[in-house]
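# A look at the structure
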Amino acid sequence: MIACQVPVQGNEEDKYGVLRARIHELELSEMELKSASVVLDENRRTISALMNNLPGMAYRCRHDRSRTMAFVSQGCLNLTGCSDAELTGGRGNRYSSLIHREDRRHVFGEIERAVAAGTPFNIVYRIMSVGCGEKWVWENGHAVYEPTGEPYMLEGFVMDITEHKMTELTLKQKSLAHEKAMMGTIEAVSRMVAMRDAYTAGHEERVAELAAATAAEIGMDGGQIEGIRAAGLIHDIGKINVPVDILNKPGKLNRIEYHFVREHVRTGYEILKGIDFPWPVADIVWQHHERMDGSGYPRGLRGDDILTEARIIAVADVVEAMAYDRPYRPALGLPAAIEEISKNCGRLYDADAVAACLRVIGDRRIDFLKGGDRK
């Protein structure tokens, strides 16, 4: 008997093989997806743990005036006194209302400038934390943009810097108190000089006033202006070592007497250099007779080697000396003083200082020439 064999079509076997291979690929893909899901969940937990343990509040909010929060980390409670549900729920505009009323314009303005420029923003401002009152915070963030380039979200971080800010303000108050005490000392020294030589004291007060006004006109900051005022009040303190009969001599000084007078800048520096001023007073005093072209004394400094403050006092010193009487001659007059600094602007005297001084005098912003000669 002949056995009957059913032939197996080769193409059917191939189909089954392809199907089994595809099933195996799907099983591997499913395993990879499960593995990726586990990794993703782990990453999410890690990121969440990091955010919730940061000493501040991470956030994501809409780019609108209400700062409507889509997400805040759990640090929001310690920072603002509000829970994440309060900040992201139906009262989603609450963070905006927590920003101190006086700081809101600044905060929104800084954010809009950064968004328009496509740069991060860093802002220091105050918030009114619920239950804790005023806090200083530092916010760092950036905009998230649509494919069209339009900003639609803000992401960032807000940190409480109240303790740091309070320390900074305390140090600033101490610094101001130190400056006030130092100015009191300088004024006392100026009065002491007046008791010995009333002319020198009056000259120093007028130079200090004109030099400070000139510095303000140039645009120098408040600290620099105070330093110039302080140096102006005692810029001739070294004359305490010059005999009064030389200072008040009506005629021309001889070589030895002139040497005594020139030494007043060095003497002044030696008197002041050991005092812990918040400004470079000793160096200003030492340099106020230097000239831009190097022709001054005592060291022949030139240009940028001379402190800006000393250059300003140099101009005020010349104007006052010419506009007022000196022991050895009557006042030459304000027009002569103006001509002197204008003619030698840039050569002997700093050009910016001259220009600013002329504006101050022209606008008559100070009573500098009260009692002086305007002829």
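Below you will find a few notes about this structure. All values reported here derive from a predicted model rather than from experimental measurement. (Residues numbered from 1 in each chain as written. Predicted model: local features only at pLDDT ≥ 70, side-chain atom pairs only at ≥ 80, totals over all residues. Heavy atoms only, no water.)

All chains considered together, the criterion is met by 19 salt bridges. Across the pair Asp160 and Lys135 runs a salt bridge, and its minimum N-O distance is 4.0 Å. One end of the pair, Asp160, is in strand β5 (residues 151-160); the other, Lys135, is in strand β4 (residues 133-145), with 25 residues separating them in the sequence. Judged by relative accessible area, which is 34%, Asp160 ranks as partly exposed. Residue class for Lys135 comes out buried when judged on its relative accessible area of 10%. Residues joined in a network through salt bridges with shared partners are Glu102, Asp103, Arg126 and Glu134. (Salt bridge = Lys/Arg side-chain N within 4 Å of Asp/Glu carboxyl O. Helix = DSSP H or I, 4+ residues; strand = E, 2+ residues; numbered from the N terminus. Buried < 20%, exposed > 50% of the residue type's maximum accessible area, 1.4 Å probe, protein only.)

We now examine a nonpolar patch on the surface. Side chains of Met192, Ile240 and Ile271 sit close together on the surface and give an oily, nonpolar patch of about 250 Å² of accessible area. Here Ile240 lies in the loop between α8 (222-233) and α9 (244-247). According to the relative accessible area criterion, Ile240 is partly exposed, its value standing at 37%. (Patch = residues over 30% accessible without salt bridge, like charges linked within 9 Å, V, L, I, M, F, W, Y side chains within 5 Å. Areas by Shrake-Rupley, 256 points an atom, 1.4 Å probe, with all protein chains shown as cover.)

Turning our attention to the packing of helix α13 (residues 308-323) against helix α14 (residues 334-343). Close contact between α13 and α14 brings their axes to 8 Å; oriented N to C, the two are set at 150°. Overall, the two elements α13 and α14 adopt an arrangement that is roughly antiparallel. Handedness of the α13/α14 crossing: right-handed. Residues Val315, Val318, Val319, Met322 and Ala323 of α13 pack against Leu334, Ala336, Ala337, Glu340 and Ile341 of α14. Its residues assigned to classes, the contact of α13 with α14 shows nine nonpolar, no polar and one charged. (Axes fitted to C-alpha atoms, helices over the stretch in contact; angles between N-to-C directions. Parallel < 35°, antiparallel > 145°, perpendicular 65-115°, else oblique. Left-handed = near helix turned anticlockwise from the far one by under 90°. Contact = heavy atoms within 4.5 Å. Nonpolar A, V, L, I, M, F, W, Y, C, P; charged D, E, K, R; others polar.)

Glancing now at helix α15 (residues 351-363). With 13 residues, α15 should cover 18 Å at 1.5 Å per step; its first-to-last C-alpha distance of 18 Å lies within 8% of that length. By the burial criterion, the buried members of α15 are Ala353, Val354, Ala356, Cys357, Val360 and Ile361. Measuring from the side-chain oxygen of the N-cap residue of α15 to the backbone nitrogen of Asp352 gives 3.1 Å; that N-cap residue is Asp350. Just downstream of α15, Arg364 is the residue with a positive phi angle, here 50°. (Expected span 1.5 Å × (residues − 1). Polar contact = N/O pair within 3.5 Å; in protein donor to acceptor, adjacent residues only side chain to side chain.)

Interpretation note: all reported values are geometric properties and have no functional meaning in isolation.
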